[in-house]
Amino acid sequence: MSVDWKLKLIALLHDPPDKVLALQGHQRRAFERIERLVGQSDFQALFNTTGTQLTRAQFEATPIGQAVKKADQVASAMDRAAFPRDINLSTQDFLQSPCVCHPLAGRQQPLNQVRQASFNTVINALNHVFTQALNSTNTVQQRFLWLWRNLADALAHHNAINGLAEEWHLVPADTRVVDHTLWDHLSITAALAVALPRAALMVCSVGPVQDFIRTARRTQDLWMGSYILSYLTWCGINVIADEFGPDAVLYPSLRGQPLVDHWLAKQHGLSVSPHPGGLTRATLPNKFVALLPAAEAKSVAERVAEQVRIAWNTLADEVAAWLRTTAQVTTDATWQEMYNAHKQQMPEIYWTIHRWPDVSSFKQSKGEADAALDEIRRLLRPPSEWEFQRIYDVFCATAPQMVNIGTVYSRLHDLVQRGFEARKGLRDFAPIEELGEKCTLCGTRSALRSQVQSARDHWAHVANQVRRVPGEVVTIKPGGRERLCGVCTVKRLVQRGFFEKELGLRGGFPSTSEVAVASFKEGVLSELSDPQHGQRLAQTLQDHLQILQRLRFEPTVAEGAIPKLRNMCLQLSNVSPQAKALADKFLKYDGDVLFEETFTRERLKADYDLDVTESDVAAAQGSLRRLLKAAEEAGIPRPAKYFAVLMLDADEMGKWLSGDKAPLFEQALHPAVVNDLRSNYPGWNAVLDAKRVLSPALHAAMSSALANFALYLVPLVIEQRYCGRVVYTGGDDVLALIPVDQVLPAARELRASFSGEVNIDARLNIQVRFRDVRVSGFVTFNSRPLMTMGPNATASIGITIAHHLSPLDAALAAVRRAEESAKKDYGRNAICIHFLKRSGEEIRAGAQWFYSNTPPSNTRDTVDLLTDLQQRFADKRISMKFAHAVFDEARTLAAVPAAYEAELRRLLKRHRGSALNPQQGERQAKELAPQLAHLARALDIHCPSADPSPSEPQPGLIELAKWLLLLRFLAQGGGGE
């Protein structure tokens, strides 16, 4: 199908952005701008007149005008309601109290800047933006793509002078229904314009997800596993974006996605400003929903699946070529046969399509909705008391002329989703025989080998060759101790073999050792920024680095592996070039160089293939001891031997996507409209008190909220405020690595950011605002309002603390158990930590983020209290013995909740830290004992029985005692075995 890009452009601009400020004359303004963008001669050929003279009647009498009108009507029915004819809200009345409503939380936010906006200034800005669009593009398709991507951002930029910038992205499409933006309406109208008269919904997923990602022994594997799936998903979406436009994808939101911006710039030559660092992160979920012409849908789905397979094969072929040409690895027919067999086992692609009725076959628009609803009833068999039916009946009774197929969108979406789940349940299985030694990474496929070499010998050869590649870090253990199958080979080497040249994706991922010591490195960089006090530390650091260089210890850490450390290093340029140069060298060495146990002849030979003498070892150990002593004197804790894995997962996301958790319908409307309906149309009360019907606007809101969280808020918390690194962030799920001493405050800020319960100032400081009724769900970040999931949405976080030498797959399995436990055992909206001690002992503790029965005198959330306790341990305001004292007495007192506060007060006074005098200790005990006792009593609700198993939550005081043991460990900086 050849898409009419003029039709799409006209549909995208059928409502001008200034409509909200002046309804009168908006169509003439729209026609004039459309004429500029499609060209005067083409415009006159379409409408036989100029944009200034074209009337609405003339426009709608043409085929293109009829298509746009129908698309607008269906898009409006999808997102709004069939109001009675006299329910209107003029522009003047709206501007008296302009507001938007968060579509997921139902909370209003005033648009004060819109009220004060100058219409003439906005018009001038629009003219400037459209001139920019014309000057930046050559074809109508380019102009459509430029405006789809840049219009809102460009208007915000050019309107900054009159104060409208921050709110321009929130301008509603309809002054009556204020829970969806003009940009969402224009986008869905453009998609419908080419999908009608008979449209179809398509759902597609690319996998496998969990098995593919969790098969990781190195952090590089973890990163690339998620990145490959995100990239393959985009390759499938790319088929749709190329042919029908990115607006045809309803979920996820593509506007601002880094891979989409890269495509717009590279393939279409458009000027876009992609999110800094965005291409390094996996931000696209593996499932998407698209709106397509029904006649094309099946062939498009097949091309999507084929393109995903082609993309995977390209990745695999490029990796094989890189091994042969760049790494000079010898392969033969046996190797290639195994590689091809493994290559064919990826990926898994599932899709389903539901075709809508042909709207052109009905004389009245209500007929097309009735026909679709009849089919839905036949297939889904809804209950007799069906809420959607009641709402539909009210719409038909009050404004049947406004009812069309868009009115039943929510049920059509439900139907295609059910079909998709049924198809996915019929998984494709193929008999696979794997002979010989298994892959040390996945353990299921055979390790690659040649005809004349065993797997071990072959991979010893590969490791040696890869290490010789200029600029290459050591990616494969020497001596054949790592032996990979074809799929795992792609995962391990695809960043260098493909993504570096294709996407400019440079660098690697920090090792677990590097993450563990990141807080120590942060302290060192901070000290180096003070030339007066950092001289001794700088000298001992310089000495240690010189020893490493003498040992030929390879600097293997990629630039920017830990973004916050890289930013701190760049800032040293303003302090001292010498300090900056020293910091650069320091950051290139892996965290292992900060552990004395690394420097043994056996370890250096086995892990780094270094032949050293005992005197070399002694010199390295001595220089390290001097460095650590100088750091300790500067107040920097010793390097941690443990790291943390954090996994966030949105709670009940399926219910959000199905509309089950939508706010009430009245919360989507302007208050004046609600008052009018309740006063004059009592039959509408049932609609106003019902849940908002699922619409593309709700999906767009969720998609935008999750994209904002993934692209802006997750990196802000994990990589800018803390020394962590994001593995993947699809929006409703996050996986990240972070130092142990930073994991709790980071988790708290991440959870609050998910629901928009934060304030972010200009210096990127975050204030958490759990349960603040003033929170609307919009967060201002870098002067731009970002939609989040809102305060009605919750998320659970699992955390695993593991030794830096522990197998990564064990830590990943544990963090999944922790996340599942947060949902199952602690009732969702919870956090759960699994501490895996190297000795084999495990400690698990969990809690909800906050408890509804918190008294007014104690409004602190759970993790706020816990991080406060962690800091008091670290500052020696509470003795480290306090944690063990509570644990020793917890089982005895667990059955007597009334005694919690008194005993905790006694123990706090007894175990005050050395930093406090007795009077200060008394005040501390008086302050903390009620809060700790309350938390312990709240934790009692999770204990399933009087005698729970070790794998279940324990009585509240025992659970609190386990938390205290964890906090004690975190306060010590994660040192240990």
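Structure: above.
## As for the nonpolar core
Phase 1: Among the nonpolar cores identified, the biggest contains 349 residues, and I240 and F499 are the most heavily contacted of them.
Phase 2: For I240, the contacting residues outside a window of four places in its chain are M202, G245, A248, V249, F288, A290, L292, V300 and V304.
Phase 3: By size, the runner-up hydrophobic cluster in this structure holds five residues, among which are A822, Y826, A830 and C832.

## A short note on the packing of aromatic side chains
Phase 1: This model, assessed by the stated rule, comprises 26 aromatic pairs.
Phase 2: Ring geometry for Y642 and F969: centres 5.2 Å apart, planes at 90 degrees, overall edge-to-face. On the criterion of sequence distance, the pair formed by Y642 in strand β7 (residues 642–650) and F969 in helix α38 (residues 956–971) is long-range, its members being 327 residues apart. When sorted by exposure, Y642 lands in the same class as F969, which is buried.
Phase 3: Where F770 meets F850, the ring centres are 5.2 Å apart and the plane angle is 55 degrees; that geometry is what we call tilted. Of the two residues, F770 is situated in the loop between β11 (766–768) and β12 (778–781) and F850 in the loop between β16 (842–848) and α34 (862–874); the sequence distance between them amounts to 80 residues. Residues F770 and F850 agree in their burial class; the two are buried.
Phase 4: Taken together through their ring pairs, the aromatic side chains of W223, Y227, Y231, F498, F499 and F509 make up a single cluster.
Phase 5: It is K491 that lies over the ring of F212; its NZ or CZ is 4.4 Å from the centre.
Phase 6: When the ring centre of W223 is taken as origin, the NZ or CZ atom of R725, which lies over that ring, is 5.3 Å away.

## Overview of the sheet that holds strand β6 (residues 348–355)
The strands making up a sheet are joined through hydrogen bonds of the backbone, oriented either antiparallel or parallel.
Phase 1: Taken together, the four strands give an open sheet; going across it, the order is β4-β5-β3-β6, and neighbouring strands pair in antiparallel fashion. For this open sheet the edge positions go to β4 (249–251) and β6, each flanked by a neighbour on one side alone. Averaged over neighbouring strand pairs, the angle between their axes works out to 25 degrees when direction is ignored.
Phase 2: Pairing of β4 with strand β5 (residues 287–293), which is carried by two bridges, proceeds in the antiparallel orientation. Bridged to Y251 within β5 is V289.
Phase 3: Set on the sheet, helix α12 (residues 219–244) makes contact with β3 (199–207), β4 and β5; between it and β5 the angle comes to about 10 degrees.

## Structural notes on the pattern of salt bridges
Phase 1: The final tally for this structure, using the stated rule, is 77 salt bridges.
Phase 2: For R467, the salt bridge goes to E554, with nearest N and O atoms at 2.4 Å. Of this pair, R467 sits in helix α19 (residues 455–467) while E554 sits in the loop between α23 (535–550) and α24 (563–571), and the two are 87 residues apart along the sequence.
Phase 3: Its relative accessible area of 28% is what places E554 among the partly exposed residues.
Phase 4: Of the charged contacts, one joins D607 and R603 as a salt bridge, the two residues approaching to 2.6 Å between their closest N and O atoms. Of the two residues, D607 and R603 both sit in helix α26 (residues 601–608), four residues apart, roughly one turn of that helix.
Phase 5: Residue R603 is classed as buried on the basis of its relative accessible area of 14%.
Phase 6: Salt bridges linked by common partners bring R467, E554, K605, D609 and D611 together as one network.

## Points about the environment of Q345
Phase 1: Among the secondary structure elements, Q345 is positioned in the loop between α15 (333–343) and β6.
Phase 2: Separated by 113 residues in sequence, Q345 and L232 place their C-alpha atoms 15 Å apart.

## Comments concerning unusual backbone geometry
The bulk of non-glycine residues show a negative phi, and the bulk of peptide bonds are trans.
Phase 1: The step from G207 to P208 runs through a cis peptide bond, and the omega angle for that step is 0 degrees.
Phase 2: Relative to the helices and strands, P208 is located in the loop between β3 and α11 (210–214).
Phase 3: That bond from M346 to P347 is cis: its omega, -15 degrees, falls within 30 degrees of zero.
Phase 4: For P347, the location among the structural elements is in the loop between α15 and β6.
Phase 5: Positive phi values are uncommon outside glycine, yet R381 reaches one of about 50 degrees.
Phase 6: Examined against the element boundaries, R381 turns out to sit in the loop between α16 (365–380) and α17 (387–398).
Phase 7: In this structure, L764 takes a positive phi of about 70 degrees despite not being glycine.
Phase 8: Here L764 is to be found in the loop between β10 (758–760) and β11.

Conventions used here
- Residues numbered from 1 in each chain as written.
- Predicted model: local features only at pLDDT ≥ 70, side-chain atom pairs only at ≥ 80, totals over all residues.
- Heavy atoms only, no water.
- Core = buried A, V, L, I, M, F, W, Y, C linked by side-chain atoms within 4.5 Å.
- Buried < 20%, exposed > 50% of the residue type's maximum accessible area, 1.4 Å probe, protein only.
- Contact = heavy atoms within 4.5 Å.
- Phe/Tyr/Trp six-rings, centres within 6.5 Å; stacked < 30°, edge-to-face > 60°.
- Helix = DSSP H or I, 4+ residues; strand = E, 2+ residues; numbered from the N terminus.
- Lys NZ or Arg CZ within 6 Å of the ring centre and 35° of its normal.
- Pairing = 2+ DSSP bridges.
- Axes fitted to C-alpha atoms, helices over the stretch in contact; angles between N-to-C directions.
- Salt bridge = Lys/Arg side-chain N within 4 Å of Asp/Glu carboxyl O.

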